[in-house]
Amino acid sequence: MEIMGASLRICVADIETAIPFYERLAGGTAQRFARGGVQVAAIGSFLLMSGPEAELEILRKVTATIAVKDVGEARELLTGLGARILVEPVPTPAGSNMLAMHPDGSLFEYVDQRG
């Protein structure tokens, strides 16, 4: 499994107010999308999330988002190492993602990008 990077997950009350700050900080433009009732903006290494508290409460439990070359390959390696897949790989507009619990109990989202 090749890890390509990681994103810091930040839950914000007002995503429209937060985006300009993080765009200036990271020197990039936000890529926006929605996931359920949550609005998401990816800016450099930052992943901003805003939405209903019930959904954000779950998202706050995920330690980080890890970008990999291939989520399917990551799934195989993680299960072989004793991780538990909580959400099987699902397609997204940019590639696919899954949610895994490492043996120590920490939660990570794994994503790949198909372009």
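Presented here is an overview of the structure given in this document. It should be emphasised that the depicted structure is a prediction, and the values quoted were computed from it without experimental measurement. One numbering rule holds for all chains: residues counted from 1, following each sequence as written. A pLDDT threshold of at least 70 governs which residues receive local features in this predicted model, and a stricter bar of 80 or more applies before side-chain atom pairs are shown or counted, although totals over entire chains, interfaces and linings include all residues. The side-chain numbers reported here are obtained from all heavy atoms of the structure, hydrogens and water having been left aside.

1. Focus: the overall build of the chain
So, point 1. Put simply, DSSP marks the helices as runs of H or I at least four residues long and the strands as runs of E at least two long, and each gets a number from the N terminus on. What the chain contains, in helices and strands, is 3 helices and 8 strands.
So, point 2. In sequence order, the secondary structure elements of the chain are arranged as β-α-β-β-β-α-β-α-β-β-β.
So, point 3. C-alpha atoms define the radius of gyration in this analysis, and the globule rule sets the expected value at 2.2 Å times the number of residues to the power 0.38. Relative to a compact globule of 115 residues, whose C-alpha radius of gyration would be 13 Å, the chain shows 14 Å and is just as compact.
So, point 4. Dimensions of the chain along its principal axes, counting C-alpha atoms only, are 40 × 30 × 25 Å.

2. Observations concerning the pattern of salt bridges
So, point 1. Whenever a carboxyl oxygen of Asp or Glu lies within 4 Å of a side-chain nitrogen of Lys or Arg, that contact is scored as a salt bridge. Inspection of the entire model under this criterion finds 5 salt bridges.
So, point 2. In this structure, the salt-bridge partner of Glu109 is Arg9, at a minimum N-O distance of 3.0 Å. Linking Glu109 in strand β8 (residues 107-113) with Arg9 in strand β1 (residues 3-11), this pair joins segments that are 100 residues apart in sequence. As far as the burial class goes, Glu109 and Arg9 line up, both buried.
So, point 3. Residue Arg60 is joined to Glu53 by a salt bridge in which the shortest nitrogen-to-oxygen separation is 2.5 Å. Between buried and exposed lies partly exposed: a residue is buried under 20% and exposed over 50% of the maximum accessible area for its type, with that area taken using a 1.4 Å probe on protein chains only.

3. Looking at the packing of aromatic side chains
Here the distance between the centres and the angle between the planes together describe a pair of aromatic rings.
So, point 1. Note on ring pairs: Phe, Tyr and Trp rings are taken, using the six-membered ring of Trp, and paired if centres are within 6.5 Å. Classes follow the plane angle, with under 30 degrees stacked, over 60 edge-to-face and the rest tilted. Under the defined criterion, the tally for this structure stands at 2 aromatic pairs.
So, point 2. Relative to Tyr22, the ring of Phe21 has its centre 4.9 Å away and its plane inclined at 85 degrees; by these criteria the two rings are edge-to-face.
So, point 3. Chaining the aromatic ring pairs together yields one cluster made of Phe21, Tyr22 and Phe46.

4. Thoughts on the nonpolar core
So, point 1. In this structure, Ala64, Ile66, Val68, Val71, Ala74, Leu78, Ala83, Ile85, Met98, Ala100, Phe108 and Tyr110 together form the largest nonpolar core, which totals 12 residues.
So, point 2. Those elements giving two or more residues to this core turn out to be β5 (62-68), α3 (71-80), β7 (95-101) and β8.
So, point 3. The term nonpolar core refers to a set of buried residues drawn from Ala, Val, Leu, Ile, Met, Phe, Trp, Tyr and Cys, joined through side-chain atoms within 4.5 Å. In this structure, Ala18, Ala41, Ile43 and Phe46 belong to the second largest nonpolar core, which totals 10 residues.

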